[in-house]
Amino acid sequence: MKKHFKAKKVVRSGETTDLTEGIFESLNAGTKRIYQRQSHIDYETQQLNENAEEFGRQSILWMQMIQDMRSAIQEVTEIQRYGRVIEKDMANISNRLASIERNQEP
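Bear in mind that the values here come from a model prediction, so they are computed numbers and not experimental data.

Draft legend 1. Fine view of the overall build of the protein. Along its length, the protein carries one helix and zero strands. Out of the 106 residues belonging to the protein, those deemed buried represent 1%. As displayed, the protein offers around 10,400 Å² of accessible surface, 59% of which is attributable to carbon and sulfur atoms.

Printed below as a string of structure tokens:
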């Protein structure tokens, strides 16, 4: 009878060892998957940060370009305004010269 209990103990001990090994293997596999996912998340986070920094740099360059274009447009507008003023002044001078010439005719 003692042999019977010893045999059952050995079988149960073997089953327990198999069960324990199975649990540890499952935990290790789960831990490995979590670590791999975390590594992937870390990589993606790094890429996102790099892309965000590059976007920030590009945004600053675009804002500078826009400001430069606004300044250039303002300069062109001022030149057009000066051109109109000069054109009016030239027309006035031309009209006065024509008037003076008409008044000086005998």
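Draft legend 2. The arrangement of a nonpolar patch on the surface in detail. Among the surface-exposed residues, Tyr-82, Ile-86, Met-90, Ile-93, Leu-97 and Ile-100 lie close enough to one another that they form a single nonpolar patch of about 630 Å² accessible area. Among the secondary structure elements, Tyr-82 is positioned in helix α1 (residues 2-104).

Each value, and the rule that gives it
- Throughout this document, residue positions are counted from 1 along each chain, in the order its sequence is written.
- Totals for whole chains, interfaces and linings use every residue, but because this is a predicted model, local features are given only for residues with pLDDT of at least 70 and side-chain atom pairs only at 80 or more, for both listing and counting.
- Here the side-chain values reflect all heavy atoms present in the structure, with hydrogen atoms and water set aside.
- Strands are runs of DSSP state E lasting at least two residues, helices are runs of H or I lasting at least four, and both sets are numbered from the N terminus onward.
- Between buried and exposed lies partly exposed: a residue is buried under 20% and exposed over 50% of the maximum accessible area for its type, with that area taken using a 1.4 Å probe on protein chains only.
- Using a 1.4 Å probe, the Shrake-Rupley method yields the accessible areas, and only the shown protein chains count as cover for residues.
- To count toward a patch, a residue needs a relative accessible area over 30% and no salt bridge; like charges are then connected within 9 Å, while nonpolar side chains (Val, Leu, Ile, Met, Phe, Trp, Tyr) are connected within 5 Å.
- A pair is scored as a salt bridge if a Lys or Arg side-chain nitrogen falls within 4 Å of a carboxyl oxygen belonging to Asp or Glu.

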